[in-house]
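Structural features, examined
What follows is each chain in one-letter form.
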Amino acid sequence: MSAFTHLVAQLGRLLEPVLAQSATAAAIVLFTVLVRLALYPLSRAAFRGATPLATCLPMLLQLPVFFVMYQAFSAAEVGGAANELLGQRLFEAPLGARWSGALGESGLLGAQGLVFLGLFAAIAAVAAWSAVRGRRAAAAIGSTASASASAATATAGSTAAAPGAKVGAKAGAKPGGTKAAGAKGGTGAGTKAGARSTRSARGAAGAGQPAEMTVEQQELMRKLGGVLPLLSFGTLITAAVVPLAAGLYLLTTTAWSVAERVWLQHRKDRAERAASAGASGASGVVAEPPTRGGARSTL
């Protein structure tokens, strides 16, 4: 803990010429950003994995950091010496103060109380933003699951109907003699070529893309997506009972998490649009030559 205290104190001294007495509070925010930057590769992997455990892993890894932050602004001594961080402030509120102490010191609307109210308002705004985005993501996953189920049903129906159509085509082609055989040859060539082009287009669309989740996994993610964002409001309760410095850490890391998911979702949507456009272009180029070949065979 002494190493953490020394690091935050040094960052505060660097920022003191600009931010005066609030320099240590800004150092806590900067320290939190550095922690989240170190966890960014793991957060990106968790976002791509889209599993509940992987999504919670970055949060679990921050628990030791939060515990050290809590202890650093609660202990009167660090390494046998007086804790210099307890004398630092955010505006009029000491960073080691708690909301209950601020209420007893200056009341709800006193100088310290207003600092805590501002912190609570910022956390509530971030939690509401997270909840809204979580609801939208859950709705999108639900619609995707429904579309996947409909597509699977349609594919099963077409597969079941294919043998009957094949038998009918063979029965109709027998009395037709040479002309029917020629038509069959031309049409068959075009059909096979078109099938090959369709397979090529599907391969181009699926190349480099991760395997899609099953309908059951998508339904589970939809339900979790509707509940997990509400947990952000629990940060308000935690911030009300921990030191002000720990509340600043909670605010910064929660805001970072929401902004990070927005950025990762934006990159994912952009990649999917580019892949879809590339697959459509490849399908149009590859599918055209077999159609011309089929027409020449028929003629």
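Quick look at the structure, then. Computed from a prediction, not measured in an experiment: that's the story for all the values here. (Residues numbered from 1 in each chain as written. Predicted model: local features only at pLDDT ≥ 70, side-chain atom pairs only at ≥ 80, totals over all residues. Heavy atoms only, no water.)

Brief notes about the overall build of the protein chain
- Across its full length, the protein chain holds 10 helices and four strands.
- Overall, the protein chain shows an N-to-C arrangement of helices and strands of α-α-α-α-β-β-β-β-α-α-α-α-α-α.
- Looking at the protein chain as a whole, 28% of its 299 residues are labelled buried.
- Contacts spanning at least 24 positions in sequence make up 71% of the contacts within the protein chain whose residues lie at least 6 apart.
- Summed over its atoms, the accessible surface of the protein chain is roughly 17300 Å², and 66% of this surface lies on carbon and sulfur atoms. (Helix = DSSP H or I, 4+ residues; strand = E, 2+ residues; numbered from the N terminus. Buried < 20%, exposed > 50% of the residue type's maximum accessible area, 1.4 Å probe, protein only. Contact = heavy atoms within 4.5 Å. Areas by Shrake-Rupley, 256 points an atom, 1.4 Å probe, with all protein chains shown as cover.)

Points about a nonpolar patch on the surface
- Taken together, the side chains of Leu57, Met59, Leu60, Leu61 and Leu63 make up a nonpolar region of the molecular surface, amounting to roughly 450 Å² of accessible area.
- By residue number, the principal contributor to the nonpolar patch is helix 3 (residues 52-61), which donates four residues.
- Within the secondary structure layout, Met59 lies in helix 3. (Patch = residues over 30% accessible without salt bridge, like charges linked within 9 Å, V, L, I, M, F, W, Y side chains within 5 Å. Salt bridge = Lys/Arg side-chain N within 4 Å of Asp/Glu carboxyl O.)

Considerations on the nonpolar core
- If you look at the biggest cluster of nonpolar residues, it comprises 37 residues, and the most contacted ones within it are Ile28, Met69, Phe73, Leu95 and Leu244.
- Counting only elements with at least two residues in this core, the list comes to helix 1 (2-19), helix 2 (23-49), helix 4 (63-72), helix 6 (111-173) and helix 10 (244-298).
- Looking at this core, the element that brings in the most residues is helix 10, giving eight residues. (Core = buried A, V, L, I, M, F, W, Y, C linked by side-chain atoms within 4.5 Å.)

Just geometry here; none of it tells us what the structure is for.
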